[in-house]
Amino acid sequence: MTTFLTSAAHLPSGRPARMLGYGMTVERTETASSEAGDGDLLTAAARGDGAAFRHLLDRYAGRVFANCYRVLGESDEAEDAMQESFARLWKVLGRHTGAAAPDRDAGGWLMRTSRNLCIDRLRRRKRWTTDETVLEIQPDPTPGAEERRQTQDVGERVRNALNDLPDRQRAAIAMVHFEGLPQTEAAEAMGVSVDALESLLARGRRSLRARLETAKADLI
Amino acid sequence: MMTEDRILELIEAYGADPVRWPEDERAAAQTLLAASDDPRLRASLAAAKDLDTMLSMATVPAISPDARRRLYAEAAAPSAPIAWLRRLFDWPGPIWQPTGALAAALVLGIWVGIANPEASADIAGLAGGTVQTETESGDDFDSFVGMEDNL
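Predicted model only: the values in this text are computed from it and were never measured. (Residues numbered from 1 in each chain as written. Chains lettered and ligands numbered in written order. Predicted model: local features only at pLDDT ≥ 70, side-chain atom pairs only at ≥ 80, totals over all residues. Heavy atoms only, no water.)

## Notes on the overall build of chain B
Alright, step 1. Across its full length, chain B holds seven helices and zero strands.
Alright, step 2. Helices and strands in chain B line up, N terminus first, as α-α-α-α-α-α-α.
Alright, step 3. Out of the 151 residues belonging to chain B, those deemed buried represent 26%.
Alright, step 4. Expressed as a percentage of contacts within chain B between residues at least 6 apart in sequence, the contacts between residues at least 24 apart total 45%. (Helix = DSSP H or I, 4+ residues; strand = E, 2+ residues; numbered from the N terminus. Buried < 20%, exposed > 50% of the residue type's maximum accessible area, 1.4 Å probe, protein only. Contact = heavy atoms within 4.5 Å.)

## A closer look at helix 1 (residues 4-14) of chain B
Alright, step 1. For helix 1 of chain B, the set of buried residues is R6(B), I7(B), L8(B), L10(B), I11(B), A13(B) and Y14(B).
Alright, step 2. Turning to helix 1 of chain B, the residues buried within the fold contact helix 7 (167-178), helix 8 (183-190) and helix 9 (194-212) of chain A together with helix 2 (23-35) and helix 3 (39-56) of chain B.
Alright, step 3. Within two residues after helix 1 of chain B, G15(B) carries a phi angle of roughly 95°, on the positive side.

## Here's the deal with the packing of helix 2 (residues 50-72) of chain A against helix 4 (residues 106-124) of chain A
Residue and element names in this part refer to chain A.
Alright, step 1. Where helix 2 contacts helix 4, the two axes come as close as 9 Å, and the packing angle between them is 30°. It follows from the interaxial angle that helix 2 and helix 4 lie roughly parallel. Seen from above, helix 2 lies across helix 4 with right-handed handedness. Counting all contacts with helix 2, which are made through L56, Y60, R63, V64, N67, C68, V71 and L72, the residues of helix 4 involved are A106, G107, L110, M111, S114, R115, C118, R121 and L122. (Axes fitted to C-alpha atoms, helices over the stretch in contact; angles between N-to-C directions. Parallel < 35°, antiparallel > 145°, perpendicular 65-115°, else oblique. Left-handed = near helix turned anticlockwise from the far one by under 90°.)

Set out below in structure tokens:
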């Protein structure tokens, strides 16, 4: 007997396909839509359905890129890391490697993978271990700097202050403050102890306060 | 045991929102914070709240059109042959399994043919004999049926 695994609402259009699910053969005449859950999209993508994979891109590319950007503080590298994260997902789904491929939570898998890729990239930078000696960030003293700050977009000013932090401090703030990772998970991802993570966070926040102090009245 | 100094450390590192504080210290810290009249805690909390507000305003640039194009191109092209093979075999497991089995059968066949031509000729002869046998078997079957009728 032919059974539809997912509701018709999730299958608006596409080419005929046969799927195996829960030990039974399932006829599927249409591809998964953007409303389908991660599990359906991953299953379809694992069978080479490019449309399903594009739905996953639509759903998570922005989030993965934002995460990479906050850790790396640089657009081009963040785009490369995002691209690599999705390429890895596409690859593990194509291989059908089981344990390595996500079965439901594509977002969680992508965030973890992109985070690790970003940390690897940071490690390759010479600055990764040198944040202890980096001077505290001071307000820019060059002529016209204050005027430029005044005209800069508020969000952009905060973004620039974050990007100017030493790599490890920025990565720690990205993971704990923005991504909301538990301390142990963030520390493990960075390869430091929880105490060291706390120290990086505290120093990063102090630097940001110093950098943004003059702008606080405009910002808040 | 939770102390006011430790709460100051938590605020310095994690900010004003207790959601970001370590889970195993959160409840104790919140309880002590609510009960304490230490002015250092109020000042630290206010400064941390300001910074949290500023951080929430931080923007992220848009993904460049070029990166977006590369990203979507990836979804269209690279595993198309794999997808085609999957549909061909309708194989839910690793694609190397059916492909490997076919390749192994092919290699075995070629090897038997090349390595042992006499055996190949015998096999071919057997195949021819089979046709005859089938015909004979048919006769045998008719006579067997006839015998059965006679019983």
